[in-house]
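# Remarks on the overall topology
Below are the chains, spelled out letter by letter.
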Amino acid sequence: MFTGIITDIGIIRSREDRGDTRLVIDTAYDVDGIDIGASIACSGACLTVVEKGVDTGSNGPAGWFAIDASGETLARTAPGMWDQGRRLNLERALKIGDELGGHIVTGHVDDIGRIVSVEPVGDSIAVTVAAPASLAAHIAPKGSITVDGVSLTVNEVIDQPNGEAYFTLNIIPHTQEMTTLDEAAAGRPVNLEIDILARYLARMQARGA
């Protein structure tokens, strides 16, 4: 489980496509405190640490960890997000006693959205995202949603004739600074995870509960 509060921005150092895709990710985390087999959310996708290390260089020690992304993971996450050099929002798994500063996030990407527009509003930016029809009914004004692993509050939802839902988010300067949402641009695909309560309510409704 996660909270959607990003604690580091990692950079994909290398990508090796084999049976699965091995990704080595540079991080500011103290990797001595990360166990092999630990879960780390990478831009909203919960992945397992399979290797880790510290390199020493002219700029001092640099930590890294490696994960294996399956074909299913690649197919269900935003195109291009696993390319070498890409920045990823990182969050370590929630521990008992940690502050729940965002909302309950599972690290399972429900579908891929796309950014429709980015408009400045004071010092913040208003980001409008198109959610696919599969998620449209599960997004509500003032509800929670996870975008590329970031817990955010929905400001407005406008249903579209094609079944999509356009929802708007207000991204304050702090969130821009601490996440990859400083790269938000029209046309960019993003990972979406709906609120877990919406997921279970939809299941109950489908079963006639």
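All of the points below concern the structure found in this document. The numbering scheme is per chain: residues are counted from 1 as the chain's sequence reads. Where totals are concerned, whole chains, interfaces and linings use all residues; where local detail is concerned, this predicted model gives features only for residues with pLDDT of at least 70, and gives and counts side-chain atom pairs only at 80 or more. By convention in this description, side-chain values take in all heavy atoms of the structure and omit both hydrogens and water.

### Concerning the pattern of salt bridges
For clarity, the threshold we go by: One speaks of a salt bridge when a side-chain nitrogen belonging to Lys or Arg is within 4 Å of a carboxyl oxygen belonging to Asp or Glu. In this description a helix means any DSSP run of H or I spanning at least four residues, a strand means any run of E spanning at least two, and both kinds are numbered starting from the N terminus. Only protein chains enter the area calculation, which uses a 1.4 Å probe; residues under 20% of their type maximum are buried, those over 50% are exposed, and those in between are partly exposed.
By the definition in use, this model includes twelve salt bridges. Asp68 is the partner of Arg22 in a salt bridge, and the nearest nitrogen-oxygen pair spans 2.4 Å. In this pair, Arg22 is assigned in strand β2 (residues 21–27) and Asp68 in strand β5 (residues 60–69), connecting sequence segments 46 residues apart. Taking the relative accessible area as the measure of exposure, Arg22 reaches 18% and is therefore buried.

### Notes on the pairing of strand β9 (residues 144–147)
The criterion, for reference: When DSSP finds two or more bridges between two strands, those strands count as paired.
Relative to strand β10 (residues 150–159), β9 runs antiparallel, the two being bridged by four bridges. Pairing of Thr146 across the sheet is with Ser151, part of β10. In this antiparallel pair of consecutive strands, β9 and β10, the connection spans two residues, and Asp148 shows a positive phi of 50 degrees.

### Comments concerning a nonpolar patch on the surface
Put simply, the rule is: In this analysis, a patch consists of residues with relative accessible area above 30% that form no salt bridge, clustered at 9 Å for like charges and at 5 Å for the nonpolar side chains Val, Leu, Ile, Met, Phe, Trp and Tyr. Computed by Shrake-Rupley with a 1.4 Å probe, the accessible areas treat only the displayed protein chains as cover when residues are assessed.
A cluster of nonpolar side chains, Met1, Leu94, Leu100 and Ile104, forms an exposed patch at the surface whose accessible area comes to about 350 Å². Along the chain, Leu94 turns up in the loop between β6 (87–92) and β7 (111–121). A relative accessible area of 34% places Leu94 in the partly exposed class.

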